[in-house]
Amino acid sequence: MDDVRNTGLPNDGRTARITGEEALAMHAEGRPGKLEIRLTKPLVTARDLSLAYSPGVAEPCLHIHRDKTLAYDYTSKGNFVAVISNGTAVLGLGNLGAVASKPVMEGKVALFKRFADVDGIDLCIDTEDVDAMINAIRYLGPSFGGINLEDIKAPECFIIEQRLRELMDIPVFHDDQHGTAIVAAAGLINAAHLTGRDLATTKLVINGAGAASIACAELLRAMGMRPENILMCDTKGVIYRGRVEGMNQWKSAHAVETKARSLSQALEGADVFFGLSVKGAVTQDMVRAMAPKPIIFAMANPDPEITPEEAKAARPDCIIATGRSDYPNQVNNVLGFPFIFRGALDVRASTINDAMKIAAARALALLAREDVPEEVGSAGAGKSLRYGAEYIIPNAFDPRLISRVPVAVAKAAIESGVARKPITDLARYGRTLAARLDATANALELITERVKANPKRVVFAEGEEEKVIRAAIAFHNAGYGYPVLVGREDRITATCHALGIPLPDGIEIRNARISDSNRRYADYLYARRQREGFLFRDCQRLVNQDRNVFASCMVALGDADAVVTGLTRSYSVALEGVTSAIDQEAGSPLFGLTLMLARVSGTVFVADTAIHERPEAATLAEIAIRSAAAARRLGHEPRVAFLSFSTFGDPKGHIPGSLREAVRLLDERKVDFEYDGEMAADVALDPALRARLYPFSRLSGAANVLVMPGLHAAHILTRATPRLTSATTIGPLLMGLSRPVQIVPMDASVNQLLDMACLAAHAAIAR
């Protein structure tokens, strides 16, 4: 059977629920596609241009001409990978051609950057001629530190990779083959450990004889599995010695002496099954015929050869993995290729050999046996992630991957003699890797996983708005929970009809005026507001006419878990409606926390960005404490700076006084994070400047939590920065309410609405 490989994307079955329109809109909005090129050096003045190009560029050219290895020092070569395809096997969809493969190749480049900070570019080559393909790629070596081949059909992919590895002095890696093999091998190491098996005597059946299947067999042989214990099957049955039908040289290399002729016969008494084929290829009877404690890796995507439910029903003692993240033990290529290339690039490896692949598999296996960090463990589908039958492969968003797998790969490259720039201090290298990526991206991914595992009812208060309807549908389709649209059903239905989008059955519509809960909400509101000048009819009118009030009453009285609003009304007006029904959290000020994600500096948390025009010292201190806690929950060790125009008393003014008093209050409370102030923004963000001018400062590095002196400064910073730089902002997140509510900016996109709804749902889970 042809193998259906894991795409490397976190595929959890929800792709079937994502509409084509959503996918197209995501790829088309703003600047089309998913990639752009950004400068790493300032090119502002004429001198900058002279240094970067003519005449300054001549100097590195001459040095590289004398010593080609200096290209790694003076260019991007050492962190640059080409992702190359001819589109002959796109995502298991078949031969779509080179240009149709480009969205996938762009996605692969994005994953390289997202998970391992490896830069890349997609190159789609419009030929199916093997020799032409090889010649097109072989001459690209000077530009890149490595080549990632993708979506090239078998058997051509074998020929292309083999020839290029012979011709090029940089790593050439066909991820469809080796990525799946490495992650599956990691899972098998642990499954064998849990079931008391020795790989040398383990009997394996592989269904599918494509690129990934053959790579799995070859890697497991290199790890000590005996060739005679591996049976491979294709659409013609078992690949046995002497078979002639449907054979080629790659299949022949895995032909063995056996009497088995069908998959069913091959599985009798087998210890392990690897499926890289098609949905339903394995029956429960086949599973029952396997050895005790069978190991089943049903990796066909999007639907496995047999589902975990079916396999467990037939053999409760089995360990099963699939290619989907909505089941335990996902065999996901993203656990492999970014980190393998990271390690290979950092030691300037000439190739990626078996030793490096085995090292990667073992590093993944050992990581799964360690205690899982709380932020990763809480993302489990209602279960703690702990080494065992349902956790044999690390979570794809485990932040430790970047510091474990590349180190193992680099070490193996050095020991096997293919590293041209050996690293002498691997422990230090691991620490450098750990600091290379911003923790926020992983944390937000883990939040969405936890939300999917613990779905909540989220009220979209402005339910008649087109963006809100789209966001609610996306929330439902992604499996995040149960959206409730507040609005008139005929208006919502008409909007959906005009958009050509059917409203899923799982989305509830609540009309405030005719709701069965209308009187109960009015009574609740009246009990809260009757001594504030409100008559009952005033409260009834608010419930009927103000959707923020109605939605907030739903959450306050337990009819829903969270609210998202803000698209049609200013922040202050929306907040007034919310706080009429929901109390402030005891002991906490209300404030807004904005996350600014910048490519160079990572995530910076800014507060207060929503509520206090000029906060008092006690409020500033409490905002700092709550913001530091939020930063820590997202994987950052907080370093808090109280910002001002003044730095430690210079120049003088009355505004910095409240900031100095806030620092004194934190001194009294003996908090467990770094803080200092007042200080200017450049002093807070530049440790070298601070060390030179203010060596007494308490901060050990760049500040990552900025407490602003007032709302005007906070708004200027957070609203100007994204438009002047490449930074992305999330928020302001509303902090300090007793129930989860998020208020989006009035210009929020559908994706921003979706993100804020997800964060509101996560807050409900945390409660």
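The shown structure was predicted, so the numbers you read here are calculated from the model rather than taken from an experiment.

**Student:** Looking at this structure, how should I read the overall build of the protein chain?
**Tutor:** From N to C terminus, the protein chain includes 31 helices and 21 strands. For the protein chain, whose C-alpha radius of gyration is 29 Å, the value lies close to the compact-globule estimate of 27 Å for 767 residues. In terms of overall dimensions, the protein chain has C-alpha extents of about 95 × 70 × 50 Å along its principal axes. Here the protein chain, with 767 residues, has 54% of them falling under the buried criterion. Within the protein chain, residue pairs in contact and separated by at least 24 positions form 72% of the contacts whose partners lie at least 6 positions apart. For the protein chain, the accessible area works out to roughly 33300 Å², and carbon and sulfur atoms hold 53% of it.

**Student:** Is there a simple way to explain the pattern of salt bridges in this structure?
**Tutor:** Pairs can form between side chains of opposite charge whenever their charged atoms are close. Under the criterion given, the structure shown has 45 salt bridges. Between Arg-288 and Asp-285 there is a salt bridge, and its shortest N-O distance comes to 2.6 Å. Here Arg-288 pairs with Asp-285, and both are found in helix H12 (residues 284-288), just 3 residues apart, close to one helical turn. Classification of Arg-288 by relative accessible area gives partly exposed; the value is 41%. For Asp-285, a relative accessible area of 55% gives the class exposed. Two residues, Asp-538 and Arg-541, come together in a salt bridge whose shortest N-O distance is 3.1 Å. On the criterion of helical spacing, the pair formed by Asp-538 and Arg-541 is a turn pair, its members being 3 residues apart in helix H23 (residues 536-545). Since its relative accessible area comes to 41%, Arg-541 is described here as partly exposed. Bridged by salt links that share partners, the residues Glu-370, Asp-398, Arg-400 and Arg-404 form one connected network.

**Student:** Please clarify how helix H22 (residues 518-529) should be interpreted in this entry.
**Tutor:** At 3.6 residues per turn, the α-helix brings residues three or four places apart onto the same side. In this model H22 runs 16 Å from its N-terminal to its C-terminal C-alpha over 12 residues, within 8% of the 16 Å that 1.5 Å per residue would give. The complete set of buried residues in H22 reads Asn-518, Tyr-521, Ala-522, Leu-525 and Arg-529. All buried residues of H22 fall inside an arc of 100° around its axis, so they share one side. Summarising the geometry of H22, the exposed residues directed more than 90 degrees from the buried face are Arg-519 and Ala-527. Those residues of H22 hidden inside the fold are in contact with strand E13 (508-510), H23 and helix H24 (547-556).

**Student:** What's the story with the sheet that holds strand E9 (residues 295-298) in this structure? I'm lost.
**Tutor:** Strand-to-strand pairing in sheets goes through backbone hydrogen bonds, with the strands running parallel or antiparallel. Taken in spatial order, the 6 strands line up as E7-E6-E5-E8-E9-E10 in an open sheet, and their pairing is mixed. At either end of the open sheet lies a strand with only one pairing partner, and these are strand E7 (237-238) and strand E10 (319-322). Contacts from helix H8 (residues 175-194) reach strand E8 (272-275), E9 and E10 within the one sheet, and its direction differs from that of E9 by about 160°. Running at roughly 175° to strand E6 (residues 230-234), helix H9 (residues 211-222) makes contact with strand E5 (204-207), E6 and E8 of the sheet.

Calculation notes
Counting restarts for each chain, with residues numbered from 1 along the sequence as it is written. Since the coordinates come from a predicted model, pLDDT governs what is reported: local features require at least 70, and pairs of side-chain atoms require 80 or more to be given and counted, while whole-chain, interface and lining totals use all residues. Neither water nor hydrogens contribute to the side-chain values; these are computed over all heavy atoms in the structure. Strands here are runs of E lasting at least two residues and helices are runs of H or I lasting at least four, both read from the DSSP assignment and numbered beginning at the N terminus. Radius of gyration: over C-alpha atoms. The globule rule applied is 2.2 Å multiplied by the number of residues raised to the 0.38 power. The cut-offs for exposure are 20% and 50% of the maximum accessible area for each residue type, with area from a 1.4 Å probe on protein chains only; residues under the lower value are buried, those over the upper are exposed, and the others partly exposed. In this analysis, two residues are considered to be in contact whenever any of their non-hydrogen atoms come within 4.5 Å of each other. Per-residue accessibility takes into account occlusion by the displayed protein chains alone, with areas from the Shrake-Rupley method and a 1.4 Å probe. Salt bridges are defined by distance alone: a side-chain nitrogen of Lys or Arg within 4 Å of a carboxyl oxygen of Asp or Glu. How far a helix is expected to stretch is found by multiplying one less than its residue total by 1.5 Å. Here, the arc refers to the directions that run from the helix axis to the C-beta atoms. By this definition, two strands are paired if DSSP reports at least two bridges between them. Angles shown run from 0 to 180 degrees and are taken between the N-to-C directions of axes, each axis being a line fitted to C-alpha atoms and, for helices, limited to the stretch in contact.

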